[in-house]
Amino acid sequence: MNILVMNVSLRPQSPVKLFPIGLGFVTTAMKRAGFEFDLIDIDAHRYSDSEVRKRIQKKKYDVVCMGCIVTGYRIVKSLCDVIKEIHPHATIVVGNSVATSVAETLLKKTRADIAVMSEGDETIVELLGLLAGNDSLDGVKGISFLRDGTFVRNPSRPLIKDISSLPFIDFSPYDIDIYIDASKQHANDPLPMKRDDVRAMPVNTARGCIANCTFCYHVFKNSPYRFRNPDSIVAEIRELISRYSINYVLFWDELTFFSKKQTIALVDRLLAEDLDIYWAGSCRGNLFDCEEDLEIMEKMKKSGCVSMAYSLESSNPSILKMMNKHVSAEQFSTQTGLFHRAGIPVGTSIVMGYPQETPETIRRTFECCIENSIYPSAGYLLPQPGSKMYDYAVANGFIGDEEEYLLKMGDRQDLRLNMTSMSDEEFEMYVMEGLKRCNSLLEVGLDERSLIKTKHYRAGGKVLRA
């Protein structure tokens, strides 16, 4: 059985290339189970559509596997068409949130054959074994498929309870040097070294998130948050240092630190090992709230922490309530002040576009960022299927046809759905004014003390959900 694995490219114009952690775990499981496969890493190489087609044509494939977040539905649909055109009898298996959140639409509106939902490590191995023998799929937990045009959803697969027991990702099928080189673009300023000297790789420490934000969807939504033990994490870092000479670790999670106890346990282990690496992670927006927490933060810095990210999202109480954030702007500011004092750069994200959004709420959210000397990663509300805000958008007539909406989805930096009382033009204008104000004041308009602080603590921040 000839198997092809494809890693799609969501942002082909971006210099940032992020290793596909979820796909890495899946291909590692496949290799350990003895399944050989070819890999077309579109994102690493930024192959053109014609080059992708040529590579799919190189061999007759029986099974083609790919995964993608739901915002890439349009890309997955297009690739399915190309695959079926070249290999009409191939079975196309799709995973990640595009399969988990819209399984029925995916199977009925595209040429995908099987949707792998939620955790794929064990599911893919069982599924490939049955496909190799042309056996029935009825007993495979965690998948959906069509039978005579009727949507079939098999029972969910129990989650892996101890994710510390999972093998480390096997990076050998990938051109990992491409990702290591591109990691220079992802590391946030200020850097502890010259940018050209950065050699970063991702380490996944947890699956899921303790929060349940109404704008967010991920494959572990509504599932228990699971995190690895410090010994497992440190062992993986040691292996990455040995194999790839990394000097910077990106803790690549929905949420790295959820409690002070868990934070201390990992930081103490990192200090004991003296790994001589820098690292960046994420935490809850109100995890640290008192003077005593400075001791924890100082330990974090000593262990190599050079960036911590957590989300403000909005400074408006009614919007935060609708987001189900359980974090106030005041708590966010308290934590940020502590990180500043500890000398750890911080980054945050904001989401604009809840129904209550007004020019004033936009202005106040940016003011909160300015007051805390943080330049935010800003984006528009993009309701994802499976989230409460998607249900709200459907119920209130903002979304009619699901696939029409899916085909328009993309990055949150572009306004794709407006549920405010402002016109699109007004809405975008106020957001741009806020960003310009942040840029002006955080670069040249602050007093000397604040400007120094900004130079030390400004960070772009990835889009977070915690």
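Residues numbered from 1 in each chain as written. Predicted model: local features only at pLDDT ≥ 70, side-chain atom pairs only at ≥ 80, totals over all residues. Heavy atoms only, no water.

Trainee: Requested: an account of the packing of helix H9 (residues 230–244) against helix H10 (residues 260–273), with residues and values cited.
Mentor: Between two packed helices, the angle of one axis relative to the other and the distance separating the axes together describe the packing. Closest axis-to-axis distance for the H9/H10 pair is 9 Å, and the angle between their directions is 40°. By the angle class used here, H9 and H10 are oblique. Of the two possible hands of crossing, H9 and H10 adopt the one that is right-handed. Mapping the contact onto sequence places Pro230, Asp231, Ile233, Val234, Ile237 and Arg238 in H9 and Ala265, Leu266, Arg269, Leu270 and Glu273 in H10. Of the residues in the contact of H9 with H10, the class split is seven nonpolar, no polar and four charged. (Axes fitted to C-alpha atoms, helices over the stretch in contact; angles between N-to-C directions. Helix = DSSP H or I, 4+ residues; strand = E, 2+ residues; numbered from the N terminus. Parallel < 35°, antiparallel > 145°, perpendicular 65-115°, else oblique. Left-handed = near helix turned anticlockwise from the far one by under 90°. Contact = heavy atoms within 4.5 Å. Nonpolar A, V, L, I, M, F, W, Y, C, P; charged D, E, K, R; others polar.)

Trainee: Please provide a residue-by-residue account of the state of the cysteines, values included.
Mentor: Applying the stated criterion to the full structure yields zero disulfides. Left unpaired, cysteine 68 is separated from the closest cysteine sulfur, that of cysteine 80, by 11 Å. Left without a disulfide partner, cysteine 216 is nearest to the cysteine sulfur of cysteine 213, which lies 6.3 Å away. With a relative accessible area of 3%, cysteine 216 lands in the buried category. (Disulfide = S-S within 2.5 Å. Buried < 20%, exposed > 50% of the residue type's maximum accessible area, 1.4 Å probe, protein only.)

Trainee: Which residues make up the environment of glutamate 360, and what values do they have?
Mentor: Inspection of the secondary structure assignment puts glutamate 360 in helix H14 (residues 359–371). According to the relative accessible area criterion, glutamate 360 is partly exposed, its value standing at 42%. A sequence separation of 44 residues divides glutamate 360 from asparagine 316, and the C-alpha atoms of the two residues are 9.5 Å apart. Looking at glutamate 360, its side chain comes within polar contact range of the side chain of arginine 363, at 2.8 Å. (Polar contact = N/O pair within 3.5 Å; in protein donor to acceptor, adjacent residues only side chain to side chain.)

Trainee: So what's going on with unusual backbone geometry? Residues and values would help.
Mentor: Glycine aside, negative phi is the norm for most residues, and most peptide bonds take the trans geometry. In the segment running from aspartate 189 into proline 190, the intervening peptide bond is cis, with an omega of -5°. Relative to the assigned elements, proline 190 resides in the loop between helix H8 (176–186) and strand S8 (200–203). Unusually for a residue other than glycine, asparagine 134 sits at a positive phi of about 55°. Phi at aspartate 274 is positive, roughly 50°, even though this residue is not glycine. Residue position: aspartate 274 is located in the loop between H10 and strand S12 (278–282).

Trainee: Tell me about the nonpolar core, and please be specific about residues and values.
Mentor: Formed by 99 residues in total, the largest nonpolar core has its most connected members in Trp279, Met300, Met308 and Phe339. A per-element tally of this core places helix H17 (residues 424–445) first, with six residues. In contact with phenylalanine 339, other than residues within four places in its own chain, are Cys283, Phe288, Met297, Met300, Met308, Tyr310, Ile344 and Val346. The next biggest cluster of nonpolar side chains, apart from the first, holds 52 residues, and it includes Ile92, Ala112, Tyr390 and Tyr405. (Core = buried A, V, L, I, M, F, W, Y, C linked by side-chain atoms within 4.5 Å.)

Trainee: If you had to explain the side chain of glutamine 384 to someone new, which residues and values would you point to?
Mentor: Looking at where glutamine 384 falls in the secondary structure, it is placed in the loop between strand S16 (377–380) and helix H15 (388–395). Once residues lying within four places of it in the same chain are set aside, the contact partners of glutamine 384 are Val70, Phe215, Tyr217, Tyr390 and Met409.

Trainee: A description of the packing of helix H1 (residues 21–32) against helix H7 (residues 121–132) should follow, citing residues and the corresponding values.
Mentor: At a minimum axis separation of 8 Å, H1 and H7 run at an interaxial angle of 45°. Accordingly, the angle class assigned to the pair H1 and H7 is oblique. As for the relative orientation of H1 and H7, their crossing is right-handed in sense. Counting all contacts with H1, which are made through Phe25, Val26, Ala29 and Met30, the residues of H7 involved are Asp121, Ile124, Val125 and Leu128.

Trainee: Requested: an account of helix H11 (residues 293–302), with residues and values cited.
Mentor: An α-helical turn contains 3.6 residues, so any two residues separated by three or four positions project in the same direction. Looking at H11, one finds that the buried residues are Asp293, Leu294, Ile296, Met297 and Met300. Looking straight down H11, one finds its buried side chains confined to an arc of 155°; they lie on one side. Counted as exposed and oriented over 90 degrees from the buried face of H11: Glu295 and Lys302. Buried-residue contacts for H11 involve H10, S12, strand S13 (305–309) and helix H13 (329–342). Remark: glycine 304 follows H11 within two positions and exhibits a positive phi of approximately 120°. (Arc of directions from axis to C-beta.)

Trainee: So what about the sheet that holds strand S14 (residues 346–347)? Which residues, and what values?
Mentor: Spatial strand order, S8-S11-S12-S13-S14: five strands in an open sheet with parallel pairing. Strands at the two margins of the open sheet, each flanked by one partner only, are S8 and S14. Here S13 runs beside S14; their pairing, made up of two bridges, is parallel. The partner of methionine 308 across the bridge, within S14, is valine 346. Contacts between H9 and the sheet are confined to S8 and strand S11 (248–251), with S8 contributing the most and set at about 150° to the helix. (Pairing = 2+ DSSP bridges.)

Trainee: Hey, could you go over the pairing of strand S15 (residues 349–352) for me, with residue numbers and the actual values?
Mentor: Both faces of S15 are covered, namely the face carrying Ser349 and Val351 and the face carrying Ile350 and Met352. Pairing between S15 and S16: four bridges, direction parallel. Among the inter-strand pairings, serine 349 is bridged to a residue of S16, identified as serine 377. In this region the chain leaves S15, passes through H14 and returns to the parallel neighbour S16; the handedness of that crossover is right-handed. (Right-handed = clockwise from strand over helix to strand, strands pointing away.)

Trainee: With reference to specific residues and values, describe a negative patch on the surface.
Mentor: On the surface, Asp424, Glu425, Glu426 and Glu428 cluster together into a negatively charged patch. Here glutamate 428 is to be found in helix H17. (Patch = residues over 30% accessible without salt bridge, like charges linked within 9 Å, V, L, I, M, F, W, Y side chains within 5 Å. Areas by Shrake-Rupley, 256 points an atom, 1.4 Å probe, with all protein chains shown as cover. Salt bridge = Lys/Arg side-chain N within 4 Å of Asp/Glu carboxyl O. Lys, Arg positive; Asp, Glu negative; His and termini not counted. Charge placed at Lys NZ, Arg CZ, Asp CG, Glu CD.)

Trainee: Lay out H15 in plain terms, naming residues and giving numbers.
Mentor: Where H15 is concerned, the buried positions are Met389, Tyr390 and Ala393. The buried side chains of H15 occupy one side of the element, clustering within an arc of 105° when seen end-on. Residues of H15 that are exposed and point over 90 degrees away from its buried face: Lys388 and Ala395. Against the buried residues of H15 lie helix H12 (317–323) and helix H16 (402–408).

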